[in-house]
Amino acid sequence: GQQVKQSSPSLTVQEGGISILNCDYENDMFDYFAWYKKYPDNSPTLLISVRSNVDKREDGRLTVFLNKSGKHFSLHITASQPEDTAVYLCAAGRATGGNNKLTFGQGTVLSVIP
Amino acid sequence: DTTVKQNPRYKLARVGKPVNLICSQTMNHDTMYWYQKKPNQAPKLLLFYYDKILNREADTFEKFQSSRPNNSFCSLYIGSAGLEYSAMYLCASSRDWGGQDTQYFGPGTRLLVL
């Protein structure tokens, strides 16, 4: 089965609104959670990541919320802008125990319309 | 320079023929990864090199081979391409192995097997 899932394949948000992207995971050994952003024909790039010792991390317009008991994490983008339009991939892995492997979700296509 | 380069960007192959994809990075990263991504599916880790040690995922063990002649280069080799190999192949690298160092991705090679 798929260990990391993004249940929404797409999301449309009005410019200036909040974009909320969701990700669920199955492996409760995961302790590292990340969001990657991918433009068409470009490489996925790391946006923001958190370790399991925190339940929230903010970086500018981006906030990651981690709900360990629910095995769920989300990315909130405030004041969404058209240039936020991209594919967002969530990923999870184990940082402790010397493991750099990441398991990705299928991605959510975010469209921010002016 | 935090770029990961991949050659070629597009590859057309015949069923039963070999395919060799190339990845390079000049960040002196110890770990290099190969992922396979099909439409509407999550990137799937195929294998990774930590220094000179190759690790292949159990479910793709027999389908893919790789070589890393030096720290900068890593290839992905398919001995006999099948239609099911048509996909985007993403290379990534990270500074170390363990602790979830950031993975930097290349732009991908789109392989079409006919």
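These notes cover the structure that comes with them. Bear in mind the structure is a predicted one, so any value in this text is a computation, not a measurement.

### Some remarks on the overall build of chain A
- Across its full length, chain A holds zero helices and 11 strands.
- From first element to last, N terminus to C terminus, chain A shows the α and β order β-β-β-β-β-β-β-β-β-β-β.
- A globule of 114 residues ought to have a C-alpha radius of gyration of about 13 Å, and chain A, at 14 Å, matches this closely.
- Considering only C-alpha atoms, chain A reaches an extent of 45 × 25 × 20 Å along its principal axes.
- Here the analysis covers contacts within chain A between residues at least 6 apart in sequence; of these, 56% occur between residues at least 24 apart.
- With the model as given, the accessible surface of chain A reaches about 5300 Å², and the carbon-plus-sulfur share is 48%.

### Observations concerning the packing of aromatic side chains
Residue and element names in this part refer to chain A.
- Considering all chains together, one arrives at 14 aromatic pairs over all chains under this definition.
- On the basis of an interplanar angle of 45 degrees and a centroid distance of 4.8 Å, the ring pair of Y25 and F33 is categorised as tilted. Take Y25 and F33: they sit in the same class, and that class is buried.
- Aromatic pair W35 and F73: ring centres 5.7 Å apart, planes at 65 degrees, arrangement edge-to-face. With a gap of 38 residues between them, W35 in strand β4 (residues 32-38) and F73 in strand β8 (residues 72-77) connect regions that are remote in the sequence.

### Focus on the side chain of S66(B)
Residues and elements named next belong to chain B.
- Structurally, S66 can be placed in strand β7 (residues 65-70).
- Of the residues examined, S66 reaches a relative accessible area of 7% and is grouped as buried.
- Reaching out from S66, the side chain makes a polar contact with the backbone oxygen of S75 at a distance of 2.5 Å.
- With sequence-adjacent residues up to four places away left out, S66 is seen in contact with W34, L47, Y49, L54, C74 and S75.

### Some details on the interface of chain A and chain B
- In this complex, chain A contributes 21 residues to the contact, which on the side of chain B involves 25 residues.
- With both chains or domains summed, chain A and chain B bury close to 1800 Å², and 54% of this area falls on carbon and sulfur atoms.
- On the chain A side of the interface with chain B, the three residues burying the most area are N100(A), K101(A) and F104(A), jointly 35% of the side's total.
- Connecting chain A to chain B are one salt bridge.
- Taking the shortest distance from any N to any O, the salt bridge between E57(B) and K101(A) comes out at 2.9 Å.
- Taken together, the connections running from chain A to chain B amount to four residue pairs in polar contact (both at pLDDT 80 or more).
- Of all the elements in the fold, those that place two or more residues in the side of chain A that touches chain B are β4, β5 (45-51), β9 (86-93) and β10 (102-104) of chain A.
- Of the residues in the side of chain A that touches chain B, the class split is eight nonpolar, nine polar and four charged.

### Focus on a nonpolar patch on the surface
- On the surface, a nonpolar cluster with roughly 290 Å² of combined accessible area is contributed by L12(B), L112(B) and L114(B).
- For L12(B), a relative accessible area of 55% translates into the label exposed.

### Quick notes on the pattern of salt bridges
Residues and elements named next belong to chain B.
- Under the definition given, this model contains six salt bridges over all chains.
- With a closest N to O distance of 2.5 Å, D59 and K44 form a salt bridge. Residue D59 is found in the loop between β6 (53-56) and β7, and its partner K44 is found in strand β5 (residues 44-50); the two are separated by 15 residues along the sequence.
- A residue is classified by how much of its surface remains accessible, and K44, at 30% relative accessible area, is partly exposed.
- Linking R95 and D101 is a salt bridge whose minimum nitrogen-to-oxygen distance equals 3.2 Å.
- By relative accessible area, which is 52% here, R95 ends up exposed.
- Taking relative accessible area as the criterion, D101 reaches 14% and is therefore assigned buried.

### Re the environment of Q106(A)
- Positionally, Q106(A) belongs in the loop between β10 and β11 (108-113).
- In this structure, the C-alpha to C-alpha distance between Q106(A) and V64(A), residues 42 residues apart in sequence, is 18 Å.
- Excluding residues within four positions of it along the chain, Q106(A) makes contact with Q2(A), V4(A), K5(A), Q6(A), L89(A), K37(B), N40(B), Q41(B) and A42(B).

About the cut-offs
Residues numbered from 1 in each chain as written. Chains lettered and ligands numbered in written order. Predicted model: local features only at pLDDT ≥ 70, side-chain atom pairs only at ≥ 80, totals over all residues. Heavy atoms only, no water. Helix = DSSP H or I, 4+ residues; strand = E, 2+ residues; numbered from the N terminus. Rg over C-alpha atoms; globule rule 2.2 N^0.38 Å. Contact = heavy atoms within 4.5 Å. Areas by Shrake-Rupley, 256 points an atom, 1.4 Å probe, with all protein chains shown as cover. Phe/Tyr/Trp six-rings, centres within 6.5 Å; stacked < 30°, edge-to-face > 60°. Buried < 20%, exposed > 50% of the residue type's maximum accessible area, 1.4 Å probe, protein only. Polar contact = N/O pair within 3.5 Å; in protein donor to acceptor, adjacent residues only side chain to side chain. Buried area = accessible area lost by both parts, 1.4 Å probe. Salt bridge = Lys/Arg side-chain N within 4 Å of Asp/Glu carboxyl O. Nonpolar A, V, L, I, M, F, W, Y, C, P; charged D, E, K, R; others polar. Patch = residues over 30% accessible without salt bridge, like charges linked within 9 Å, V, L, I, M, F, W, Y side chains within 5 Å.

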